[in-house]
Amino acid sequence: MQNAPDRFGPARGTAVFAGILWAIVAASAVFLALGEDGAINPLLGCSAPALLVTYVAWTFRRQDRQHAERMSALRARLDREHPL
């Protein structure tokens, strides 16, 4: 059973954005290793924002799971107290 809702909300959107940032970090590291003149420094240019957005995505996901668990417990309690 999946604890988080099946929707494209803040948690999933932020995770996608973090993935895009990490892809930019990886690409810039490759271009820097190849000696490209215009390559951005992956450590200075995008690693800090990628880490920050990854942490925010993790926090949103944790909040979604906690909310889903609370709603599941509430639903179970209501089903016990008021069976159909």
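This report concerns the structure included in the present document. Counting starts from 1 at the beginning of each chain's written sequence and moves along it residue by residue. Reporting of local features is limited, given that this is a predicted model, to residues whose pLDDT is at least 70; pairs of side-chain atoms are given and counted only at 80 or more, and all residues count toward the totals for whole chains, interfaces and linings. With hydrogens and water set aside, each side-chain value is computed from the structure's full complement of heavy atoms.

### Some words on the packing of aromatic side chains
- Geometry of aromatic contacts follows a simple scheme: Phe, Tyr and Trp rings, the Trp one being its six-membered ring, pair when their centres are within 6.5 Å, and the pair is stacked under 30 degrees between planes, edge-to-face over 60, tilted otherwise. Counting across every chain of the model gives 1 aromatic pair.
- With a centroid separation of 5.8 Å and 35 degrees between ring planes, the pair formed by Tyr 55 and Trp 58 is classed as tilted. Here Trp 58 and Tyr 55 lie together in helix H3 (residues 47-81), a separation of 3 residues that amounts to about one turn.
- The cut-offs for exposure are 20% and 50% of the maximum accessible area for each residue type, with area from a 1.4 Å probe on protein chains only; residues under the lower value are buried, those over the upper are exposed, and the others partly exposed. The class of Trp 58 is partly exposed, set by a relative accessible area of 48%. Runs of E in the DSSP output that reach at least two residues are strands. Runs of H or I that reach at least four are helices, and both are numbered from the N terminus.

### Brief notes about the pattern of salt bridges
- By convention in these notes, a salt bridge is any Lys or Arg side-chain nitrogen within 4 Å of a carboxyl oxygen on Asp or Glu. In the structure shown here, the tally under the stated rule is 1 salt bridge.
- Between Arg 77 and Glu 81 there is a salt bridge whose closest N-O contact spans 3.5 Å. Residue Arg 77 and its partner Glu 81 are both found in helix H3; the two are separated by 4 residues, about one turn of the helix.
- Since its relative accessible area comes to 47%, Glu 81 is described here as partly exposed.

### Quick word on a nonpolar patch on the surface
- Judged by side-chain polarity, Phe 8, Val 16, Phe 17, Ile 20, Ile 24 and Ile 40 come together as a nonpolar surface patch covering roughly 580 Å² of accessible area.
- Position of Ile 20 relative to the elements: it lies in helix H1 (residues 10-33). A residue counts toward a patch only above 30% relative accessible area and without a salt bridge, and it is joined to like-charged neighbours within 9 Å or, for Val, Leu, Ile, Met, Phe, Trp and Tyr, to nonpolar neighbours within 5 Å. Areas reported as accessible are Shrake-Rupley estimates using a 1.4 Å probe. Residue values count occlusion only from the protein chains shown.

### Focus on H3
- Counted at 1.5 Å a residue, the expected span for H3 with its 35 residues is 51 Å, and the 51 Å between its end C-alpha atoms agrees.
- Residues Ser 47, Ala 50, Val 53, Ala 57, Thr 59, Asp 64 and Ala 68 constitute the buried set of H3.
- When checking whether two residues touch, look at their non-hydrogen atoms; a contact exists if any pair is within 4.5 Å. Buried residues belonging to H3 abut H1 and helix H2 (42-45). Multiplying 1.5 Å by the residue count of a helix minus one yields the expected span of that helix.

### Quick look at the side chain of Ser 47
- Structurally, Ser 47 can be placed in helix H3.
- Beyond its immediate stretch of four places on either side in the chain, Ser 47 contacts Trp 22, Val 25 and Pro 42.

### A few points about the nonpolar core
- Only buried residues count toward a nonpolar core. Its members are Ala, Val, Leu, Ile, Met, Phe, Trp, Tyr and Cys residues joined through side-chain atoms within 4.5 Å. If you look at the biggest cluster of nonpolar residues, it comprises 6 residues: Ala 18, Leu 21, Val 25, Cys 46, Ala 50 and Val 53.
- Sorting the residues of this core by element identifies H1 and H3 as the ones contributing at least two each.
- With 3 residues, H1 is the largest single contributor of residues to this core.

### Points about the packing of H1 against H3
- Comment: axis = line fitted to C-alpha atoms, over the contacting stretch for helices; angle = value between 0 and 180 degrees taken between N-to-C directions. Put simply, H1 and H3 touch, their axes get as near as 8 Å, and they point 155 degrees apart. When the interaxial angle is binned, H1 and H3 end up roughly antiparallel. Once H1 is placed against H3, the crossing between them reads as left-handed. Two secondary-structure elements touch here, H1 through Pro 10, Ala 11, Thr 14, Ala 15, Phe 17, Ala 18, Leu 21, Trp 22 and Val 25 and H3 through Ser 47, Pro 49, Ala 50, Leu 51, Val 53, Thr 54, Val 56, Ala 57, Phe 60, Arg 61 and Asp 64.
- Under the grouping applied here, Gly and all other residues not named as nonpolar or charged are polar, the nonpolar ones being Ala, Val, Leu, Ile, Met, Phe, Trp, Tyr, Cys and Pro and the charged ones Asp, Glu, Lys and Arg. Along the lines of polarity and charge, the residues of the contact of H1 with H3 split into 15 nonpolar, 3 polar and 2 charged. Oblique is the label for any angle not under 35 degrees, not over 145, and not in the 65 to 115 range, which are roughly parallel, roughly antiparallel and roughly perpendicular in turn. Each crossing is labelled by how the near helix is turned from the far one, with a counterclockwise turn of less than a right angle marking it left-handed and a clockwise turn marking it right-handed.

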